[in-house]
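So the chains spell out like this:
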Amino acid sequence: MGVVIIDGSTVRDFVTDEEQFKKSVDENFAALDLNNDGVLSRSELRKAFESMRLIETHFGVDVATTPDQLTQLYDSIFNKFDCDGSGTVDLPEFRSEMKKILLAIADGLGSCPIQMALEDDDQSFLNKAAKLEAAKLDPTHTQAS
């Protein structure tokens, strides 16, 4: 387990590094595309969000959310990603929405640094952003993978 310190500029620099951002988002998309059809279905995107447990918890404490409320919430998230209303999320739509999300995180962080404890094998976008920044500061540091 490791600890990284990031702020808004860390996240923004990661998003504006088109090569690293595209590589990371594309890898994430491929991992979520369980049937390898090149698009994310409603159920594939929902499984991804369920695995993160971001919605069912509040500061790490389980909260009571009815199945209908969860379905409604996941559907609204899916609809936000499905920009063309096709019923699936393709790679350009996924990239576009992830960029918006990460830039919103960067704006929210501003110049206030935060510490994050991460597992050694953590492949989150925020960890990749921290690795990219570290590589810029220390060229011997491993590039964001």
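Source: prediction; values computed, not measured. Positions within a chain are numbered from 1, following the residues in the order the chain's sequence is written. Two thresholds apply to this predicted model, a pLDDT of at least 70 for residue-level local features and 80 or more for giving and counting side-chain atom pairs, whereas whole-chain, interface and lining totals are computed over all residues. With hydrogens and water set aside, each side-chain value is computed from the structure's full complement of heavy atoms.

Colleague: Looking at this structure, how should I read helix α4 (residues 67–81)?
Modeller: Note that an α-helix has 3.6 residues per turn; residues three or four places apart therefore point the same way. Where helices and strands are cited, they refer to DSSP runs of H or I of at least four residues and of E of at least two residues respectively, numbered from the N terminus. Expected helix span is computed as 1.5 Å times (number of residues minus one). The end-to-end C-alpha distance of α4 is 21 Å, a good match for the 21 Å that 15 residues give at a rise of 1.5 Å each. Burial classes follow relative accessibility: with a 1.4 Å probe on protein chains only, a residue under 20% of its type's maximum area counts as buried, one over 50% as exposed, and anything between as partly exposed. The set of residues buried in α4 consists of Leu70, Tyr74, Ile77, Phe78 and Phe81. Seen from one end, α4 has its buried residues packed into an arc of 100°, which puts them on one side. Turned more than 90 degrees away from the buried face of α4, the exposed residues are Asp68, Gln72 and Lys80. The arc in question is the one spanned by the directions pointing from the helix axis to the C-beta atoms.

Colleague: Explain the confidence of the model for the protein here, please?
Modeller: Interpreting fine coordinate detail is not advised for predicted regions of low pLDDT. Of the residues in the protein, 81% have a pLDDT of 70 or more, and the chain-wide mean is 83. pLDDT runs from 0 to 100 and stands for how confident the predictor is about each residue. For the protein, per-element mean pLDDT is lowest for strand β3 (residues 57–58), which scores 52, and highest for strand β5 (residues 89–90), which scores 97.

Colleague: Can you help me understand the pattern of salt bridges in this one?
Modeller: A side chain with one charge can pair with a side chain of the opposite charge if their charged atoms come near. Note on definitions: salt bridges are taken to be side-chain nitrogens of Lys or Arg within 4 Å of carboxyl oxygens of Asp or Glu. For the structure shown, the criterion picks out seven salt bridges. For Lys23, the salt bridge is made with Glu27, and the minimal N-O distance between the two is 3.2 Å. Note that Lys23 and Glu27 are positioned in helix α2 (residues 18–32) at a spacing of four residues, about one turn of the helix. Judged by its relative accessible area of 34%, Lys23 is partly exposed. You can call Glu27 partly exposed: its relative accessible area is 35%. For Glu27, the salt bridge goes to Lys128, with nearest N and O atoms at 3.3 Å.

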